[in-house]
Amino acid sequence: MRKTTTLGLILASALTITGAAFAAGGNHDGGHRFGDHGHRGHHGMHEAFAKLNLTDAQKASIKQITQASREQNKGQWQALRTQRAAFEQMTPDQVGYQAAAARLAQAEGQATQTRIEQRARVKAQIYAVLTAQQKAQLATMRSQREARREQWKEFRQSHPVPSASPAQ
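These numbers come from a predicted model, not from an experiment. (Residues numbered from 1 in each chain as written. Predicted model: local features only at pLDDT ≥ 70, side-chain atom pairs only at ≥ 80, totals over all residues. Heavy atoms only, no water.)

**Thoughts on the pattern of salt bridges**
Opposite charge on two side chains lets them pair, provided their charged atoms get close.
Thought 1: What the rule picks out here adds up to four salt bridges.
Thought 2: With a closest N to O distance of 3.5 Å, Lys74 and Glu71 form a salt bridge. With Lys74 and Glu71 both in helix H3 (residues 56-89) and three residues apart, this pair spans about one turn of that helix. (Salt bridge = Lys/Arg side-chain N within 4 Å of Asp/Glu carboxyl O. Helix = DSSP H or I, 4+ residues; strand = E, 2+ residues; numbered from the N terminus.)

Below, the structure written as structure tokens:
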């Protein structure tokens, strides 16, 4: 339960931030929304921000906030990718393998902390761009989304997926 709640909060934060970026981006590629690559859920926040009737100034502010955040962390994420790749190239019998694993774990933990703090800052900055009416409308949409999520959870519990029979 705790894992599911935490995962849900992280996902909701991520969707809020990325949705703001998508909403600020406008349409691209002949009518396809920016970031709409057929993944479920990614277009949901775009549509939520579209329903808020953001002004051009708000869209520009949100775009600037998300781009600045991305640029601010670009070097750190690249360094972490490099460190991951170097570790993946090592074999478990190599000298320094355990130390490299510990360094990577430390870097991953720091990156997670930084990512969560950065998302919170970005979310707060975007929220500050919204009017009181837009904030209320966003809260209503979140409540409705939570209600739908709860209905879906109840449905899934009452309609379990039949397990596949083992191959003979």
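**Details of the packing of H3 against helix H4 (residues 97-129)**
Thought 1: One way to put it is that H3 packs onto H4 with a least axis distance of 10 Å and a crossing angle of 175°. Between H3 and H4, the angle is such that the two are roughly antiparallel.
Thought 2: Residues of the contact of H3 with H4, tallied by class, amount to 14 nonpolar, eleven polar and four charged. (Axes fitted to C-alpha atoms, helices over the stretch in contact; angles between N-to-C directions. Parallel < 35°, antiparallel > 145°, perpendicular 65-115°, else oblique. Nonpolar A, V, L, I, M, F, W, Y, C, P; charged D, E, K, R; others polar.)

**Let's talk about the packing of aromatic side chains**
Thought 1: Scanning the entire structure with this criterion turns up two aromatic pairs.
Thought 2: Ring centres of Phe87 and Tyr97 lie 5.0 Å apart, and the angle between their planes is 25°; on these two criteria the pair is classed as stacked. Of the two residues, Phe87 is situated in helix H3 and Tyr97 in helix H4; the sequence distance between them amounts to ten residues.
Thought 3: The class of Tyr97 is buried, set by a relative accessible area of 18%.
Thought 4: Centroid distance Trp152 to Phe155: 5.5 Å. Interplanar angle 25°. Geometry classified as stacked. On the criterion of helical spacing, the pair formed by Trp152 and Phe155 is a turn pair, its members being three residues apart in helix H5 (residues 132-158).
Thought 5: We classify Trp152 as partly exposed; its relative accessible area is 49%. (Phe/Tyr/Trp six-rings, centres within 6.5 Å; stacked < 30°, edge-to-face > 60°. Buried < 20%, exposed > 50% of the residue type's maximum accessible area, 1.4 Å probe, protein only.)

**Focus: the nonpolar core**
Thought 1: With eleven residues, the main nonpolar core is built from Ala48, Phe49, Leu52, Leu54, Ile62, Ile65, Val122, Ile126, Leu130, Leu138 and Met141.
Thought 2: Counting only elements with at least two residues in this core, the list comes to helix H2 (42-51), H3, H4 and H5.
Thought 3: With seven residues, the next largest nonpolar core counts Phe87, Tyr97, Ala107 and Ala111 among its residues. (Core = buried A, V, L, I, M, F, W, Y, C linked by side-chain atoms within 4.5 Å.)

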